[in-house]
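Residue-level listing of the chains:
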Amino acid sequence: MTQQGKTSPWREAMGQGVVLVAAACVLAAVSNGLRSDSIPWVGDWSAASGTTEDGLGLEISLEEAQILFFTKEAVFLDARSPDAYARGHIEGARNLPWVFFEERAPTVLADISKETPIVTYCDGEGCALSTELAVALIARGYDQVRVLANGWSVWVENGLPTASGP
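Residues numbered from 1 in each chain as written. Predicted model: local features only at pLDDT ≥ 70, side-chain atom pairs only at ≥ 80, totals over all residues. Heavy atoms only, no water.

Student: I'd like to hear about the pattern of salt bridges, residue by residue, with values.
Tutor: In the structure shown here, the tally under the stated rule is 4 salt bridges. Between Glu-64 and Arg-146 there is a salt bridge whose closest N-O contact spans 3.8 Å. In this pair, Glu-64 is assigned in helix H2 (residues 62-70) and Arg-146 in strand E5 (residues 145-148), connecting sequence segments 82 residues apart. Looking at Glu-64, the relative accessible area reads 36%, which means it is partly exposed. (Salt bridge = Lys/Arg side-chain N within 4 Å of Asp/Glu carboxyl O. Helix = DSSP H or I, 4+ residues; strand = E, 2+ residues; numbered from the N terminus. Buried < 20%, exposed > 50% of the residue type's maximum accessible area, 1.4 Å probe, protein only.)

In structure tokens:
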């Protein structure tokens, strides 16, 4: 209170701001609760969940990927840039960068049947390139596509076969 019994304009503005934010939060919570497709309050935001949240169940474990690799049953597709691929990639993997998908897919996929298991990968917890590549492959009729989350790092950390060069 000032000498004349009035509050400071700044204090009044801050109080109104707090009331507005609180009202907005309450309105958002009520609105979300009334929706049939409400947003969950708690969720799994890990890289692995990004491949399963759409219901496609694309994630493959490192153990499953190793089996496919060593039995030579699957084709591995690296969704990273050509430079990253040249610095190092899973041995035998083909480079199909997501950003060049339309341009390079016909050549890279020419000898791969629609029934062949395919494992896509990129690098980093937040990398979605492999999931985007997998979804594009599924849209083209490849029905056995899986995603190795954080693929390159996990592969290297476990001492599995790698190669470098174009």
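Student: So what's going on with the environment of Ala-79? Residues and values would help.
Tutor: Tracing the backbone through its elements, the reader meets Ala-79 in the loop between strand E1 (75-78) and helix H3 (82-87). Between the alpha carbons of Ala-79 and Phe-100 there is a distance of 9.4 Å; along the sequence they are 21 residues apart. For Ala-79, the residues in contact, after removing those within four places along its chain, are Leu-96, Pro-97, Trp-98, Tyr-121, Cys-122, Leu-129, Ser-130 and Leu-133. (Contact = heavy atoms within 4.5 Å.)

Student: So, the sheet that holds E1: which residues are in play, and what are the values?
Tutor: One open sheet accounts for 4 strands, arranged E3-E1-E4-E5; its pairing is parallel. Strands with a single pairing partner mark the edges of an open sheet, and in this sheet they are strand E3 (94-95) and E5. Relative to E5, strand E4 (residues 118-121) runs parallel, the two being bridged by 4 bridges. When the bridges of E5 are listed, Ile-118 appears paired with Val-145. (Pairing = 2+ DSSP bridges.)

Student: Could you give me a rundown of the environment of Glu-132, with the residues and numbers involved?
Tutor: Here Glu-132 lies in helix H5 (residues 129-139). Glu-132 sits in the partly exposed class, given a relative accessible area of 34%. A C-alpha to C-alpha distance of 10.0 Å links Glu-132 and Val-99, two positions 33 residues apart in sequence.

Student: I'd love a proper account of the nonpolar core, names of residues and values included.
Tutor: Counting 19 residues, the largest nonpolar core has Leu-77, Leu-96, Leu-109 and Leu-137 as the members making the most contacts within it. Counting residues per element, the ones that place at least two in this core are E1, helix H4 (101-108), H5 and E5. Take this core: its biggest share by element is 4 residues, from H5. Setting aside chain neighbours within four positions, we find Leu-77 in contact with Arg-94, Leu-96, Val-108, Leu-109, Ile-118, Val-119, Thr-120, Tyr-121, Leu-133 and Leu-137. Within the second largest apolar cluster, 16 residues are counted, among which are Leu-68, Phe-69, Trp-152 and Trp-155. (Core = buried A, V, L, I, M, F, W, Y, C linked by side-chain atoms within 4.5 Å.)

Student: So what's going on with H2? Which residues, and what values?
Tutor: Inspection of H2 places Leu-62, Ala-65, Leu-68 and Phe-69 among the buried residues, and these make up the whole buried set. Buried residues along H2 cover an arc of 125 degrees about the axis, so they all sit on one side. Exposed side of H2, more than 90 degrees from the buried face: Glu-63, Ile-67 and Phe-70 are the residues found there. As for H2, its buried residues are in contact with E1, strand E2 (89-90), E4, E5 and helix H6 (151-157). Following H2 by one or two positions, Lys-72 has its phi on the positive side, about 55 degrees. (Arc of directions from axis to C-beta.)

Student: Describe the environment of Leu-96, listing the residues and the values that go with them.
Tutor: Relative to the helices and strands, Leu-96 resides in the loop between E3 and H4. Judged by relative accessible area, which is 0%, Leu-96 ranks as buried. Taking the C-alpha atoms as reference points, Leu-96 and Ser-81, separated by 15 residues in sequence, lie 8.2 Å from one another. Beyond its immediate sequence surroundings of up to four residues, Leu-96 is in contact with Leu-77, Asp-78, Ala-79, Phe-101, Arg-104, Ala-105, Val-108, Leu-109 and Leu-133.

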